[in-house]
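The lines below spell out each chain.
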Amino acid sequence: MAHGHDSNEKVVYVGDSRVRKRDPMLPRDYSAYPGKSEAFIPNFLLKEWMVGAVVLVGVLVLVMQEPAPLGYPADPLNTSFIPMPDWYFLFMYQLLKYPYVSGNDFKIFLGSLAIPGLAFGGLMLAPFLDTGKERRFYRRPIASSLMILSLLAVVHLTVVSWTHYQKELTDKNIIPEHIKRHQEMEEAKKAGGGGETGGAKKPAAGAQIVAQDDPGYAIYQRATCLNCHATDLKGKSGMPALRGIGDKYDKNQILDIIKNGKSPGMPPVYDANIKAGLSAADIDTLANWLAQQKKQ
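Structural notes, computed from the coordinates.

Thresholds applied
- Residues numbered from 1 in each chain as written.
- Predicted model: local features only at pLDDT ≥ 70, side-chain atom pairs only at ≥ 80, totals over all residues.
- Heavy atoms only, no water.
- Bend = angle between axes of the 7 residues up to and from the residue.
- Helix = DSSP H or I, 4+ residues; strand = E, 2+ residues; numbered from the N terminus.
- Buried < 20%, exposed > 50% of the residue type's maximum accessible area, 1.4 Å probe, protein only.
- Contact = heavy atoms within 4.5 Å.
- Polar contact = N/O pair within 3.5 Å; in protein donor to acceptor, adjacent residues only side chain to side chain.
- Axes fitted to C-alpha atoms, helices over the stretch in contact; angles between N-to-C directions.
- Parallel < 35°, antiparallel > 145°, perpendicular 65-115°, else oblique.
- Left-handed = near helix turned anticlockwise from the far one by under 90°.
- Nonpolar A, V, L, I, M, F, W, Y, C, P; charged D, E, K, R; others polar.
- Phe/Tyr/Trp six-rings, centres within 6.5 Å; stacked < 30°, edge-to-face > 60°.
- Patch = residues over 30% accessible without salt bridge, like charges linked within 9 Å, V, L, I, M, F, W, Y side chains within 5 Å.
- Areas by Shrake-Rupley, 256 points an atom, 1.4 Å probe, with all protein chains shown as cover.
- Salt bridge = Lys/Arg side-chain N within 4 Å of Asp/Glu carboxyl O.
- Expected span 1.5 Å × (residues − 1).

1. A closer look at helix H3 (residues 105-129)
For H3, the principal kink sits at leucine 123 and spans about 35 degrees; a proline, proline 127, occurs within the next four residues. Considered for burial, the residues of H3 that qualify are Gly111, Ala114 and Pro116. Residues of H3 that are buried sit in contact with helix H2 (90-95). Where H3 begins, one side-chain oxygen reaches toward the backbone nitrogen of phenylalanine 106, 3.2 Å away; that side chain belongs to asparagine 104.

So this is what it looks like as C-alpha cells:
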C-alpha cells in the first residue's frame, strides 16, 4: 500500500486476491528441481538402457564361461532317472508331492492351478488391494505378513525339495547325468580320446560278454535287467555294468541279490521277472550265466 505522494515510492501488494494461487494438485515440471531430476526421454531412458546392456553382457559372459549342463539323450527305459525342474520351480515341485494336492483330479487341480493361481493373482492385485500411503513395512502389518509368509513358504519348500533330491541320489547311489557325463569327458580328454563319450562309461579292457550262445543270454534279453544294465551289459546312465560281475559274486550271491536286492539302489526284481514271464528255472539259469561273466 502506498504512503504519501512520492511518485517514486515502491508499491507493495500484500495478499492481493487478484493473483491466482497455484493448484497444488498439478505436478511441477522437472525443471523446478534443478540438479534433482531430468527428462525421461532421452536422459533417464538412456541410462536404463545402458544398465540393461551391461547386465545382458554379464549374463552372456556367464553363459559362455559355464555352458548349460547336458545329460544323456532321453531314455524312457531308464527307471533310475530322477526328474528335477529348474531351481525356481522347486517349491512348486515339492508342493505337488504332498497328499492333499495329489491323488485324484480335484486335488491335482487344487495343487497345480488353484493354489498357484490364487497366489500369483493376489500378487497382481496387491497394488489395488493395498492402497495405503504408508511405505514402512512395519506399519503395513497385513501386506508385510503375507509377503514374509510367502517368502518363508517358498524358501522352505525349495530347501526341502533339494534336500530330498540329494537324499535320493545318495540312497540309490546315483550320479546325476550331467555330472557323470562331465566326468567322462574329462577322463576322455586325459586319456587322449577327445571330449565326448557316447554313453555310459566303458568297462575295463578285457571285460566282454561271455557265453553268448548260452541259454542264459537269451533269458537275459527277456528279463527286467535290461531296464538298468542294457542289452550289452555296459549299464545305462548311472547304473553299473554287469560285465565282469562274476569276479565279484557267485551264482548264489547273484540269486540273493535278484530276490532281496542290494543296498543302495538295487531293489528286489525276482517278482518283477516272474510277472514278465520268466520261471524260477529261467532265473536260476540267468544267475548261472551272470556268474560266468568274468574278465578274461
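2. Brief notes about the packing of helix H8 (residues 251-260) against helix H10 (residues 280-291)
Angle between the axes and distance between the axes are the two parameters that describe a pair of packed helices. Relative orientation of the contacting elements H8 and H10 amounts to 125 degrees, with a least axis distance of 8 Å. Classed by the angle they form, the pair H8 and H10 counts as oblique. Where H8 crosses over H10, the handedness of that crossing is right-handed. Contact residues: Lys251, Ile254, Leu255 and Ile258 in H8; Ile283, Asp284, Ala287, Asn288, Leu290 and Ala291 in H10. When the residues that make up the contact of H8 with H10 are grouped by side-chain class, the tally is seven nonpolar, one polar and two charged.

3. Re the packing of aromatic side chains
Inspection of every chain in the model, using the stated rule, returns seven aromatic pairs. Ring geometry for phenylalanine 137 against tyrosine 138: centres 5.6 Å apart, planes inclined by 80 degrees, an arrangement best described as edge-to-face. Residue phenylalanine 137 is classed as exposed on the basis of its relative accessible area of 55%. For tyrosine 138, a relative accessible area of 53% puts it in the exposed group. In textbook terms, an aromatic cluster arises when at least three aromatic residues are bridged by ring pairs, as seen for Trp87, Tyr88 and Phe89.

4. Details of a nonpolar patch on the surface
Taken together, Leu56, Val57, Leu60, Val61 and Met64 make up a surface patch of nonpolar side chains, about 510 Å² in accessible area. Mapped onto the fold, valine 61 is located in helix H1 (residues 40-65).

5. Some details on helix H4 (residues 141-171)
When the terminal C-alpha atoms of H4 are compared, their 44 Å separation across 31 residues agrees well with the 45 Å that a helix rising 1.5 Å per residue should span. Taken residue by residue, H4 has Ser144, Leu157, Ser161, Tyr165 and Leu169 as its buried positions. A positive phi of about 55 degrees marks asparagine 173, the residue just after H4.

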